[in-house]
Amino acid sequence: MYSQGLIGADGRTEETPEFLAAFQARVDAEQKIEPNDDMPEGYRRTLVRQIGQHAHSEIVGMLPEGNWITRAPSLRRKAALLAKVQDEGGHGLYLYSAAETLGVTRKQMTEELLDGRAKYSSIFNYPTLSWADIGTIGWLVDGAAIMNQIPLCRCSYGPYARAMIRVCKEESFHQRQGYEIVMTLARGTPEQKAMAQDSLNRWWWPSIMMFGPHDADSQHSDQSMAWKIKRFTNDELRQKFIDATVPQAEFLGLTIPDPELKWNEEKGGYDHGPIDWDEFWRVVKGFGPCARDRVAARKKAWDDGEWVREAALAHAEKRRARKLAVAAE
Ligand code: 3HC
């Protein structure tokens, strides 16, 4: 049976070698870790960091697409886009709730996003310049997100794994609706096809970067893999994504903007050209083309919503006081 750790004078679990070994054995046996279980502080912190960043990415990810709701080319496209953007908001909320089970509040996480301490996905710092970008985001960005997130349904932390099951079902619909938009454009007029190609040219490399730095430069991968938070490394997932996406582009008659992309018979996958890591780190460090706008939009939403949070709190307090009064009668 899993042995809970000794509790030290500060109320925290003492991370004795026996406790760490028992925790690792539990992870190795594929038992889910739940909120009330003792866990190493590093495990808890890694999850708060990753789930928090993931939640922020879902919420910030609403902005580039929300930008096109009023300009969708038909009622049908508008309804699908509205639903997709709302789904992303829902994903953010499940993920904030999952992170809250680890003893962090949504307020703390939001403050960290707004003051730049917490990251969100690099991809959402790029602008959506044409309607084709809405298709390409669904196809590539949601496609990359699914590739990364399906393994997270098997993450060792129960609340994160369970939240990801519904998220992945919805992301799958997002990917298909995006691919269908791009297919419509690719089979449309020459101008529409050119718009789809231009969009692919701009989004391909940022999508490839979404998976994070190469394994040799990934600070957290080894430990996250050992704890079964991550099930595949950044490079493994990037390779799976490229291998799945190249035939999709071929089917559309579009060209992936990488002259070095070539099938490698020996490894059974595509080789690709070098990734511009300077661009990636510039964007991650807050200097992406839309970074300032994205954070400003989140800050405005947070400030504008203050009265709602205050009213909800006042209402909850009033109800609690009424319940206590009734109980005391
Ligand atoms: N954008 C921004 N930061 C990134 C990044 C990216 N694409 N890739 C890596 N980083 C950051 C990491 O967060 C880490 O910074 P930190 O130490 O300050 O937290 C640093 O770069 C080093 O990277 P590592 O590889 O060591 O980090 P991880 O082991 O955490 O791996 C990850 C990075 C693969 C993104 C992993 O955190 C992960 O799988 N996260 C969950 C999924 C997620 O957050 N996806 C974001 C997109 S969600 C989305 O796309 C919404 C959908 O609706 C489209």
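Residues numbered from 1 in each chain as written. Predicted model: local features only at pLDDT ≥ 70, side-chain atom pairs only at ≥ 80, totals over all residues. Heavy atoms only, no water.

In the nomenclature of an unreviewed UniProt entry, the protein corresponds to 1,2-phenylacetyl-CoA epoxidase subunit A from the organism Arenibacterium halophilum.

Let's shift gears to the overall build of the protein. Tallying secondary structure elements over the protein gives 13 helices and two strands in all. Expected size for 329 residues packed as a compact globule is a radius of gyration near 20 Å; at 22 Å, the protein falls within 12% of this value. On the principal axes, the C-alpha backbone points of the protein span a range of 75 × 50 × 30 Å. Looking at the protein residue by residue over its 329 residues, the buried ones come to 47%. In the protein, 75% of the contacts between residues at least 6 apart in sequence involve partners at least 24 apart. Accessible surface, the protein as shown: approximately 17,200 Å² in total, 56% of it carbon and sulfur. (Helix = DSSP H or I, 4+ residues; strand = E, 2+ residues; numbered from the N terminus. Rg over C-alpha atoms; globule rule 2.2 N^0.38 Å. Buried < 20%, exposed > 50% of the residue type's maximum accessible area, 1.4 Å probe, protein only. Contact = heavy atoms within 4.5 Å. Areas by Shrake-Rupley, 256 points an atom, 1.4 Å probe, with all protein chains shown as cover.)

All right, on to helix 12 (residues 291-304) then. End to end, helix 12 covers 20 Å across 14 residues, agreeing with the expected 20 Å (1.5 Å per residue, within 8%). Of all the residues in helix 12, the buried ones are Ala291, Arg294 and Trp302. Around the axis of helix 12, the buried residues are gathered within 75° of arc, so they sit on the same side. Turned more than 90 degrees away from the buried face of helix 12, the exposed residues are Arg292, Asp293 and Lys300. Close packing links the buried residues of helix 12 with helix 2 (41-60), helix 3 (62-66), helix 5 (106-114), helix 11 (277-287) and helix 13 (306-328). (Expected span 1.5 Å × (residues − 1). Arc of directions from axis to C-beta.)

Within this structure, the stated rule accounts for one cavity of 30 Å³ or more. Taken as a whole, the largest cavity encloses approximately 30 Å³ of empty space. Lining the largest cavity, in full, are Val27, Glu30, Gln31, Lys32, Ser156, Lys228 and Arg231. Grouping the constituent residues of the lining of the largest cavity by class yields one nonpolar, two polar and four charged. (1 Å grid on protein atoms, 1.4 Å probe; cavity = no way out; pocket = protein on both sides within 12 Å on 5 of 7 lines; lining within 4 Å. Points joined across faces, edges and corners; volume = space filled by probe spheres on them. Nonpolar A, V, L, I, M, F, W, Y, C, P; charged D, E, K, R; others polar.)

Our focus in this paragraph is the pattern of salt bridges. Pairs can form between side chains of opposite charge whenever their charged atoms are close. Enumeration according to the criterion identifies 21 salt bridges in this entry. Between Glu112 and Arg117 there is a salt bridge, with its nearest N and O atoms 3.8 Å apart. A relative accessible area of 31% places Glu112 in the partly exposed class. Across the salt bridge formed by Asp235 and Arg238, the nearest N and O atoms sit 2.7 Å from each other. Here Asp235 and its partner Arg238 are both found in helix 10 (residues 234-252), three residues apart, which amounts to about one turn of the helix. According to the relative accessible area criterion, Asp235 is partly exposed, its value standing at 23%. Residue class for Arg238 comes out buried when judged on its relative accessible area of 1%. Linked through salt bridges whose partners overlap, the residues forming this network are Glu65, Lys84, Glu88 and Asp142. (Salt bridge = Lys/Arg side-chain N within 4 Å of Asp/Glu carboxyl O.)

By nearness alone, 34 residues border the ligand, and Glu88, Lys119, Ser218, His220 and Lys230 come closest of all. Note that an oxygen atom of the ligand is positioned 2.8 Å from one of the side-chain N or O atoms of Gln53. When the free accessible area of the ligand is taken as 1,000 Å², the share hidden by the protein chains comes to 93%. According to the grid-proximity analysis, the pocket containing the ligand is the largest pocket. Counting residues per element, the shell around the ligand draws most heavily on helix 2, which supplies six residues. (Near = heavy atom within 4 Å. Polar contact = N/O pair within 3.5 Å; in protein donor to acceptor, adjacent residues only side chain to side chain. Sits in = over half its atoms within 2 Å of the grid points.)

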